[in-house]
Amino acid sequence: MKFRLTLFYLLIISTLVSAQKPATKDTFDITSHTMQFPHHYKKWSFQVSAGLSMVKPPEDLLESAIQAPLANVHVTFGLPWKLSLESDLTTIIVSNQLRAGPRISFLVRNMGIKGGWDIAYVYGQLKQSGFNNSTQAWMHYPNISIGYKLKKMAFTLKGELAIVGKVSTKSGEIEVSRSKTFLNGGTLSFYVEQRIHHNKVFIIGLKDNYVKFYWPTWMLFSTFNRFYHIPELYISWIL
Amino acid sequence: MGQFRAAITMGLVFLSAMVFSQKNDSVKIHLNHYTLTIGTGWTHYINNLEMGGQNLQKDFAGVSLKLFWEPEHRLSLGLESGYYKLFRAKGQLTDNTPGQVDRSVIPLLFLIRMRIIENIHVGIGTGIALITNKIAGGGQKVITETRSLSNFELSGAYIYQLNRHLLCGGEVKLFHFGNTEDTMYSIQATCAVRF
Amino acid sequence: MKVRIFFIISLLLLIIGCNKESLIPVPTSGINSFLKETHPIPASSKPLMEGIYLVTTNTTIFGDTMVVKWNHSGILFTCKNGKHFIMDAGYLDSVIFIQGYWRDGYSDATGLCNMYISGSEGGNDVLEGKPAPHIILRGAYGTDNEAPNQSITLQYVRPFSNKVKESNFYILGHRAGGRNSDRLPVSENSIAMVKYTERLGTTGIEVDPRISSDRVAFIYHDPDINTRLTQKGLLAGDVSAYTWIQLSSFVRLIHGERIPSLEEVLTFAIDSTELRFVYMDMKSADAVPVVIPIQQRAIQHAKDKGRDIIIMMGIPDTDVLNALMAYPDYQNVPSLCELSVDDVRNANSKVWAPRWTLGVQNDLVQQMHNEGRLAVCWTIDSPNWIRNYIDQGLFDGLVTNFPYVVAYHHYIQE
């Protein structure tokens, strides 16, 4: 009798423990897990992603440009009233760009739109043929993004202008070039964000830079007043 | 003996409760896996030589090896390598010079693959490649190796699961090797082990 | 459907992004077509056309002054901002006709140009060999291959100053005249470039010697065969791994030229140009013992022909310096040293060539002059810096990818 009772109790307990869980529905919604897709970011909350950009510089710039992937860390911070702040650090060690700026986003059902203005500081330093070369630049990136989301995937198209506020290149103490405010060109990017592992999201992007001054290749000291198409493949993991 | 029977009975009851208490999820969840894929098949070089490309042999067999991490959703991340012969030129290489030139490549690419519908995947990859050029003619035999840093791959695959650990399928891939501006595509049969 | 859209957009972006930069075509329609009917300008008349001109129309594009200078191949009009005209001239009756094209060295703008000097506006005087202080050049220029339709007028102001006439300043074309990225109609480091370079205002060239695996010296800048310098072909990898026959047979530069041997370049420069300086920027120490005999033969050949030309072995690093100093009787090898002034003295170099980013260094340049040596600097491309170095520096020459800009700032000096 005791044995049967014990068995009965065990049956009850194991049933409870292993849950007559109601059928576990996948409740994941990509919206709150994205960074590029325009949406209302969670107030007072950070999101961070880390990734790489692979670049194919044009042959004119390949002569002495450093060929390496660009490492990238991107941060968003949600604010009230549909506002947010975004910041981005991209580096190949000898060339670095730190940019930050506000955004305002609107989301209507599955479509989002986001506008913003970033200010960026570029710094590069490289010893070439015994010379300590360096560069500093201030840049502006007014930008706009439109996005469309499914339940588990989001697509974003982003366009931005690239405006050079000031760029100065030095060799040792001698300033070898200085340019002031000019329209450097623009970029067009397309991002896909989707889940990769648990609820972590992975971003794949393609970006075309159509610019005269491409900051990762400053060490070329280019004097050309010419636009180049410079594609980038961007991959990133939202941490 | 009686206690042994009781232990077995309890165990069975516990397991049954565990298993049958879960209803099927409303969405298929693919569990975390790794797969090792080997592929082989036809490769074709897209001839864009501006010089010496008249009598080019462009079709060869290539082999690939891929290791993928397949988390539970649609995306997979992986590494791919392999060996592909790009082209061979043999005979009168120019008006005056006979010889033979072979170019081959060993890529090492980071891949991102996405399952778009059941069994069908598309992928994109980038990474490095080692390009080997061999010439016999016009003097001595010369072998040179070039490291290419900006390389890209686009791929589409059909992967069918035979059983829990074995998969097979086919794949179409397009490669571009930036340093030498070489482009080729490959159609391969693949076989994978999932663990 | 959505995935299809994603991939179409991705492919489009890749296609847009991967466009190979196209070479700028030199406008050809009509060029020289009328000049075939004309007579060549007499040699005595050419210096009378040279000088400083005032631009009286379209100054926003070409600036307000222009330098006009004859060269071995034609006539160069050059502006402060990198725009320049590559022209040929001839006369019929008393009218001087000038035809050619203009280019912007810093961008891709180009077009055709036709000009003339009428008999009453200086043509008669020039052709009779008399000073012509009232020359007016009238004409039109266009865009790309369009017929010239924008008027341009140049008014003669003055001849070159005595300072300029007495100067022995060297305008050295980098890679024989310019890089492939400068979109010139000929390839860098080619015989075609050596032939073309004087049209850009150069009076000397810098070239890049290397040696093949069977120790033939040739001219080529990069260490590998790549699509920046060559048409895509059968060879790839380290250029020095190949034999000379393989390089000659299987490699063509981007405009179709063969890779020239060093001997061919020096012989052409001596026999077929009026260049006065050749700067051989040695790409490897191994090449030194191969290049020196070639250099010596070329110097003797120039002497036999009565040519005023100096041919210098460039020393860019300590490896080449050590290789040179290991050569028997190295002190008598004419060399140009890019290192310190002490290295210049140790190697007994005739020319010191510091990088321009070290500054004008007038004190050190003066020391070199006091020791009977020359000083040139490299490679200076920005118009502002070129002006500064010519105005404030004491260099005997500048290496540049924009020789027409150096020509402007040199010839306009008072």
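Basis of the calculations
Residues numbered from 1 in each chain as written. Chains lettered and ligands numbered in written order. Predicted model: local features only at pLDDT ≥ 70, side-chain atom pairs only at ≥ 80, totals over all residues. Helix = DSSP H or I, 4+ residues; strand = E, 2+ residues; numbered from the N terminus. Buried ≥ 20, exposed ≤ 12 C-beta atoms within 10 Å, placed from the backbone. Contact = placed C-beta atoms within 7 Å. Pairing = 2+ DSSP bridges. Domains from an automatic or database assignment. Nonpolar A, V, L, I, M, F, W, Y, C, P; charged D, E, K, R; others polar. Axes fitted to C-alpha atoms, helices over the stretch in contact; angles between N-to-C directions. Arc of directions from axis to C-beta.

Okay, the overall build of chain C next. A tally of helices and strands in chain C yields 14 helices and 20 strands. Each of the three principal axes of chain C carries a C-alpha extent, and together these read 80 × 65 × 40 Å. Looking at chain C residue by residue over its 414 residues, the buried ones come to 51%. For chain C, the share of sequence-separated contacts (at least 6 apart) that also reach a separation of at least 24 residues comes to 57%.

This paragraph deals with the pairing of strand E7 (residues 153-171) of chain A. Residues and elements named next belong to chain A. In this sheet, E7 lies alongside strand E6 (residues 131-149) in antiparallel orientation, the contact comprising 15 bridges. By the bridge assignment, Ile144 is partnered in E7 with Gly159. Connecting E7 to the next strand, strand E8 (residues 174-197), in antiparallel fashion are two residues, including Gly172 with a positive phi near 65 degrees.

Residues and elements named next belong to chain C. Each assigned domain of chain C is listed with its residue range as follows: domain 1 (35-159) and domain 2 (165-411). On a C-alpha basis, the centres of domain 1 and domain 2 stand 30 Å from each other. Of the residues lining the interface, 16 residues belong to domain 1; the matching set on domain 2 comes to 14 residues. For the side of domain 1 that touches domain 2, the secondary-structure elements that each account for two or more residues are strand E2 (65-70), strand E3 (75-78) and strand E4 (83-92). When the residues that make up the side of domain 1 that touches domain 2 are grouped by side-chain class, the tally is four nonpolar, nine polar and three charged.

Our next topic: the sheet that holds strand E7 (residues 136-141) of chain C. Residues and elements named next belong to chain C. Strand order around the closed barrel formed by eight strands is E1-E2-E3-E4-E5-E6-E7-E8, with antiparallel pairing between neighbours. Neighbour to neighbour, the strand axes of the sheet diverge by 30 degrees on average, direction disregarded. Of the pairings in the sheet, the one linking strand E6 (residues 110-117) to E7 comprises four bridges and is antiparallel in character. Looking at E7, one finds that Tyr116 is bridged to Arg138.

This part covers the environment of Thr202 of chain C. Residues and elements named next belong to chain C. Counting through the fold element by element, Thr202 comes out in the loop between helix H6 (191-196) and strand E10 (204-207). Thr202 sits in the buried class, given 32 other C-beta atoms within 10 Å. For the pair Thr202 and Pro403, spaced 201 residues apart in the sequence, the C-alpha separation amounts to 5.7 Å. In contact with Thr202, other than residues within four places in its own chain, are Ile171, Leu172, Gly173, Gly177, Thr197 and Pro403.

Residue and element names in this part refer to chain C. Among the residues of helix H8 (residues 262-272), those classed as buried are Leu262, Val265, Leu266, Ala269 and Ile270. Buried residues of H8, viewed axially, fall in a sector of 125 degrees; they line one side. Opposite the packed face of H8, turned more than 90 degrees from it, sit the exposed residues Asp271 and Ser272.

Here we come to the interface of chain C and chain B. The partner chain B presents 26 residues to the 21 residues of chain C that form the contact. Mapped onto the side of chain C that touches chain B, the elements with two or more residues apiece are helix H1 (2-17), strand E14 (237-238) and helix H7 (244-250) of chain C. Sort the elements by how many residues they give to the side of chain C that touches chain B and H7 of chain C lands first, with four residues.

Non-glycine residue Asn119 of chain B carries a positive phi angle of around 80 degrees. Residue placement: Asn119 of chain B occurs in the loop between strand E5 (98-117) and strand E6 (120-136). Residue classification places Asn119 of chain B among the partly exposed residues on the basis of 13 C-beta atoms within 10 Å. Despite not being glycine, Asp329 of chain C has its phi angle at roughly 60 degrees, a positive value. Within the secondary structure layout, Asp329 of chain C lies in the loop between helix H10 (318-325) and strand E17 (335-337).

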